[in-house]
Amino acid sequence: MTPIKAALSICYLCTVFYCLTLSSSGMAERKALEKEFTKVAEEVERLAIENQVLEEKEKRLQNDSYALEKEARKYYLLSENAHVIKFEETKLAKDEVVSKTAKLANINSNLSLKEPPLFLLRFFYLSFSVFLCLGVYWKLKSLPPQSKGKRLN
């Protein structure tokens with residue numbers, strides 16, 4: 001086998017491995033997307049349940065003054081003879097709370113990097129493959145030929 005054929009065959013194998021594992025449609029990307037999908041699906045399910053509970057609680061507090069007083073006593077340590085005044089909340093305050101929680105969730109998700117990023121794996125794999133192909137080529141090029149170019153017949 002000539003050095004060029006050996007280097008090209010190794011290059012071909014490295015390319016096939018890259019396409020199967022590290023490309024944008026490879027196994028590593030798919031695994032990362034599946035992990036992210038399950039995390040998002042769990043978060044959506046948890047938030048849907050929490051949303052239902054909060055909607056029921058809001059309906060109960062809007063319609064029942066006794067339940068409103070009970071919640072106020074529970075969270076604000078009011079006595080029995082304290083009066084509760086109901087205020088209307090503006091939309092701006094709710095939006096601020098939602099944006100703050102979204103920012104906190106984004107920060108928490110960015111801090112938990114246990115696996116190296118895929119672009120870093122791609123970079124190291126490509127540099128390894130290039131040096132491997134060049135090394136095989138130069139090594140085989142420097143070896144003395146095993147047989148002469150003439151036919152033995």
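Located above this text is the structure these notes cover.
Because the structure is predicted, anything quoted here is derived from the model rather than measured. (Residues numbered from 1 in each chain as written. Predicted model: local features only at pLDDT ≥ 70, side-chain atom pairs only at ≥ 80, totals over all residues. Heavy atoms only, no water.)

Comments concerning the packing of helix α2 (residues 27-63) against helix α3 (residues 65-76)
- Two elements in contact, α2 and α3, have axes whose closest approach is 5 Å; the angle formed by their N-to-C orientations is 110°. Looking at the two axes, α2 sits roughly perpendicular to α3. Taking contact as the criterion, the partners of Lys57, Arg60, Leu61 and Asn63 in α2 are, on α3, Ser65, Ala67, Leu68, Glu71 and Tyr75.
- Of the residues contributing to the contact of α2 with α3, the split by class is 4 nonpolar, 2 polar and 3 charged. (Axes fitted to C-alpha atoms, helices over the stretch in contact; angles between N-to-C directions. Helix = DSSP H or I, 4+ residues; strand = E, 2+ residues; numbered from the N terminus. Parallel < 35°, antiparallel > 145°, perpendicular 65-115°, else oblique. Contact = heavy atoms within 4.5 Å. Nonpolar A, V, L, I, M, F, W, Y, C, P; charged D, E, K, R; others polar.)

Concerning the packing of aromatic side chains
- All told, the structure shown has 3 aromatic pairs when counted by the stated rule.
- With 5.4 Å between their ring centres and 45° between their planes, Phe17 and Tyr125 make a pair best called tilted. Placement of Phe17 in helix α1 (residues 3-21) and of Tyr125 in helix α5 (residues 118-142) is noted, with a sequence separation of 108 residues between them.
- Owing to a relative accessible area of 43%, Phe17 belongs among the partly exposed residues under this scheme.
- We classify Tyr125 as buried; its relative accessible area is 14%.
- A ring pair is formed by Phe123 and Phe124, whose centres lie 5.4 Å apart and whose planes are at 65°; its orientation type is edge-to-face. (Phe/Tyr/Trp six-rings, centres within 6.5 Å; stacked < 30°, edge-to-face > 60°. Buried < 20%, exposed > 50% of the residue type's maximum accessible area, 1.4 Å probe, protein only.)

Looking at a nonpolar patch on the surface
- Taken together, Tyr12, Leu13, Val16 and Leu20 make up a surface patch of nonpolar side chains, about 420 Å² in accessible area.
- With respect to the helices and strands, the residue Leu13 is situated in helix α1.
- Overall, Leu13 belongs to the exposed group, its relative accessible area being 56%. (Patch = residues over 30% accessible without salt bridge, like charges linked within 9 Å, V, L, I, M, F, W, Y side chains within 5 Å. Areas by Shrake-Rupley, 256 points an atom, 1.4 Å probe, with all protein chains shown as cover. Salt bridge = Lys/Arg side-chain N within 4 Å of Asp/Glu carboxyl O.)

Brief notes about the side chain of Thr21
- Within the secondary structure layout, Thr21 lies in helix α1.
- On the basis of relative accessible area, Thr21 is assigned to the buried category, the value being 13%.
- When sequence neighbours within four positions are dropped, the list of residues in contact with Thr21 reads Gly26, Met27, Ala28 and Glu29.

Quick word on the pattern of salt bridges
- Evaluated as defined, the whole model comprises 4 salt bridges.
- Close ionic contact of Glu34 with Arg30 constitutes a salt bridge, the shortest N to O distance being 3.2 Å. Placement of the pair is Glu34 and Arg30 together in helix α2, with a separation of 4 residues, close to one helical turn.
- Under the relative-accessibility criterion, Glu34 is labelled partly exposed at 40%.
- The exposed category is assigned to Arg30, whose relative accessible area is 57%.
- Here Glu43 ties to Arg46 by a salt bridge, and the two come within 2.7 Å at their closest N and O atoms. Highlighted residues: Glu43 and Arg46, both in helix α2, separated by 3 residues, approximately one helical turn.
- Taking the relative accessible area as the measure of exposure, Glu43 reaches 37% and is therefore partly exposed.

Comments concerning α5
- With 25 residues, α5 ought to run about 36 Å at 1.5 Å a step, and its terminal C-alpha atoms sit 36 Å apart, in line with that.
- At its buried positions, α5 is contacted by α1 and α2. (Expected span 1.5 Å × (residues − 1).)

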